[in-house]
Amino acid sequence: MSAPITQQSRTEMRPAFEAWQLPMLTIDEFRALDAAGPLELGQNQAEYLLGFSLLAPSSHNTVPLAYRIDVARARIELWLRRSFVLPASDPTGKEALISTGCALENLSLAAAQYGMAGRWHVDSQLSWELISKAQSAALRVGHLQLDCASVPNAQARRAALECMVQRRTVRAEFDPTQRIPPALRDDLERAASESIDVRLSIFESAADKFAWGKLDELATKHKLEERAFRHELGRWMLPNDDERSTRGMRGREFGLEDRLSRDLPAQLRDEQPIAADQLTFMSRAGRIGLCSSSAVCVLSGRSSSVAGTIDVGRAFQRCWLHATLYGFCAAVHTAICHVPHVRAMSSATLMKSSQPDVIFRLGKPLQASDAQRAHSSRPRLQDLLLDEVLSAESSRPVRV
Amino acid sequence: MGNVQLTCPALDAPRQIAPDRQYSCAFPTLMALDKALSSSSNSPRLRSGQSLREAFDLEYRRYLELLAQAHSSDDVWEPDYGTYVYDRRSGELYLVAPESWHRLALLTSNAKLLTDPGGVMSAEEIRERLSDTVVGFIGASLGSNVIEGVVREMRPRIAKLADPDYLEATNLNRLQHGSLRYLAQARSHRTDPRNGFETRFVNKVELVAYENQLIDPYMNWYLYPEGATPENLDQFLLGDGREPRLDYVVEEADDLRIKIEVRKRARQHGIPVFMASDLGHRSQAQLQDFNAHSSAPLGFRVADAELLARLERCLSTGDRSHLFELVGAMLGEDFAVDEYRSWVDQIGEQPTSSIPQSGAVAQLSGALGGKLIALHRLGHRIPERVVVDTRRLTISVDER
């Protein structure tokens, strides 16, 4: 497993947060990126679209994907880098595939804004066994085939693109008096149902949110007591003053002060003494978050296949973007999905036999400033492009 | 033979109740009163002019005549006297003495230990004053001990109880009436009775109210299984036409934000707030009489602004020390001594990951609650804070 990148890469590294400074191009500006006609995809255009893919969330902010641009065939391949599939937190690779679904959805949505419809083809060789046991450094997950489509109007395009840039994880206490507007509820259900094998359950009652909170507390505490998980989490948590690491989660993203952002990761790694109740407090914080939310949302895939899991990720990202449009923030609570007995409990009670695959809460932060918490860092896109992509032929624009 | 058929509008169908589910409680209750009530010249005088003993004697004679008639009859087994109480949970039927006699029996042993400061109130007036007191309890773990103290001392007719949580085995060292019976609902409540993961928990408010109604079925409980929330707090405190206004609120919540919110609203509405805290070997009782002191601080000898700042720090920074700063603002900066101090400072071995709570001190806290609220209700001056140290065998009092 790799630790977050903390060293300067071989080429000059841009600041770790530059990915979020993505310009909103008009259709003319987009087309002008390459010497290509209106129905063609160029390398620069592909990279611009991938800039949005890069903004998608990932488990522990591992950003586990790599991309290969095949301009000749108007397709973009998504590859999973096994070194960023976390052995303790994500032993099956399911989280990484859900993250892949999120990145794919952003890519597809961005392409649609510039008149390109994406058709996703999952790699037929990909299996759970391959993901968890393959020796290769990267596995091709599949490719997005781009075809010509209608161009949305400028206002709709700008709204869709800005939404991807504005979306962020806010692991703060939400305002429990805020309710999900009926229109957002409808949009969430519609967004989830675009993936036909994905079901969305929305829990808004105080009793249900509390029940999810208790299960999350139980599962989080259970995971935190696992040394391997705790150490891994400690490796992926970064001090607030780390401005260079391009992966991992800074303490401030959890609301931690500078001192704790330095101490807690070391405590989790057992390099510093940890108070006996610290893990309990961390678990309880998740419960407080869930109880304070406007809604706890749970996505379940009817299929547990690799393709079905990616679909869950896509549905999740669509839901999150819709919530962002309505001014709602989100935080993900994964522990329940990773502790089998708690997952089974949630399935038997709250989920009426469905299995939870993604659990997230929506709400508006109680403290307005929390809505503006800093984004997580991202690697440079150039560092995520597979070298073999860069053939002379692929830089030539082709018709799509 | 001997089955009772119970028909009641609240039951969907008549119930057949076998003799092993029938309990005649009226006669034993009256027998106990016969033994306890004094016929001496200082038997409490009622407004009717009779002494309490005289009133009882009349009632008892009437009952014994009914009992004799029933016994001599071929088809009557029991006098139709008192109130039938059907326990839907257990399927048991109780025949309970009339309200005034049943409730008198529950208080008789307290004699006239509780008096008003001037000693001018009659026993009947004291009893009415206490039984008409409406107390609302927020939090049912430690709170169940205060409930126990209040009902045993005051025997109110009405109480309210809010707690969103369910019973856990680790609560059983301090939760009154908790038992195996409530660690999970019966298997029949499962959707799939064979699914062991389908654990349906028992809400604390339901078990505490249920067990209390098995002692006093005439007592009315208003339950808030969703807990106290910003939305329902005014209804909890002030009533709404169907529910009465509180005379006292006992705040024993886990939710730190609600703890402060309860005090804010109670102060606004002039409702005294009682809180008992089990602090290691020490039990601490605090009565904030917002009825008499409408500008009293929300915390203990700390400005409101400081308290609120500590609350926000505690809930936003993730720093363990900020929790204890908040606790200090609510309880007094000297809240931790001896082994409890060692816990706070994490000195020495610490076997559990949650704040230590002594079962015996929880009971003591409940006793203090019952006594202090009853005395205050009768007009006695109660100090702002009382600390009983069961290890050092000391008591300290902080006057207002």
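Just above sits the structure.
One structure accompanies this document, and this report is about it. (Residues numbered from 1 in each chain as written. Chains lettered and ligands numbered in written order. Predicted model: local features only at pLDDT ≥ 70, side-chain atom pairs only at ≥ 80, totals over all residues.)

Before going further, it helps to spend a moment on the environment of Leu381(A). All names here are of chain A. Mapped onto the elements of the fold, Leu381 is located in the loop between strand 11 (358-363) and strand 12 (398-399). For Leu381, a count of 17 C-beta atoms within 10 Å puts it in the partly exposed group. In the structure, Leu381 is positioned 315 residues away from Ala66 in sequence and 8.8 Å away in space, judged by C-alpha atoms. Once you skip the residues sitting within four places of it in the chain, Leu381 turns out to touch Glu47, Leu50, Gly51 and Leu54. (Helix = DSSP H or I, 4+ residues; strand = E, 2+ residues; numbered from the N terminus. Buried ≥ 20, exposed ≤ 12 C-beta atoms within 10 Å, placed from the backbone. Contact = placed C-beta atoms within 7 Å.)

To continue, consider the nonpolar core. Among the nonpolar cores identified, the biggest contains 94 residues, and Leu65(A), Leu107(A), Cys297(A), Leu299(A), Phe316(A) and Cys319(A) are the most heavily contacted of them. Discounting residues that sit within four places of it in the chain, Leu299(A) has contacts with Ala192(A), Val198(A), Leu200(A), Val312(A), Ala315(A), Phe316(A), Asp357(A) and Val358(A). Among the nonpolar cores identified, the runner-up in size contains 56 residues, and Phe137(B), Leu167(B), Phe290(B) and Val361(B) belong to it. (Core = buried A, V, L, I, M, F, W, Y, C linked by C-beta atoms within 7 Å.)

All right, on to the sheet that holds strand 6 (residues 198-203) of chain A then. Sheets are built from strands that pair by backbone hydrogen bonding, the pairs being arranged parallel or antiparallel. Residues and elements named next belong to chain A. Here we have four strands laid out as an open sheet, ordered 6-9-11-10, and antiparallel in their pairing. Here the strands that pair on one side only, and so sit at the sheet edges, are strand 6 and strand 10 (329-332). Taking the axes of each pair of neighbouring strands and ignoring which way they run, one obtains an average angle of 25° across the sheet. Here strand 9 (residues 295-301) runs beside strand 11; their pairing, made up of five bridges, is antiparallel. Within strand 11, the position partnered with Val298 by the bridge is Ile359. (Pairing = 2+ DSSP bridges. Axes fitted to C-alpha atoms, helices over the stretch in contact; angles between N-to-C directions.)

All right, on to helix 4 (residues 123-131) of chain B then. All names here are of chain B. For helix 4, the set of buried residues is Ile126, Arg127 and Leu130. When helix 4 is viewed along its axis, its buried side chains cluster within an angular range of 100° and face the same direction. Its buried side turned inward, helix 4 meets helix 3 (99-107), helix 5 (142-154) and helix 12 (359-377). (Arc of directions from axis to C-beta.)

Attention now moves to the packing of helix 2 (residues 43-54) of chain A against helix 3 (residues 94-113) of chain A. Residue and element names in this part refer to chain A. At a closest axis distance of 7 Å, the pairing of helix 2 and helix 3 adopts a crossing angle of 140°. It follows from the interaxial angle that helix 2 and helix 3 lie oblique. As helix 2 packs across helix 3, the resulting crossing turns out to be right-handed. Two secondary-structure elements touch here, helix 2 through Leu49, Leu50, Phe52 and Ser53 and helix 3 through Ala103, Asn106, Leu107, Ala110 and Ala111. For the contact of helix 2 with helix 3, the per-class residue count stands at seven nonpolar, two polar and no charged. (Parallel < 35°, antiparallel > 145°, perpendicular 65-115°, else oblique. Left-handed = near helix turned anticlockwise from the far one by under 90°. Nonpolar A, V, L, I, M, F, W, Y, C, P; charged D, E, K, R; others polar.)

Chain A puts 25 residues into the contact, and the matching count from chain B is 24 residues. No other element matches helix 10 (residues 278-292) of chain A, which puts five residues into the side of chain A that touches chain B. Looking at side-chain class alone, the side of chain A that touches chain B contains 15 nonpolar, seven polar and three charged residues.

As far as function goes, none of this settles anything; it's purely spatial.
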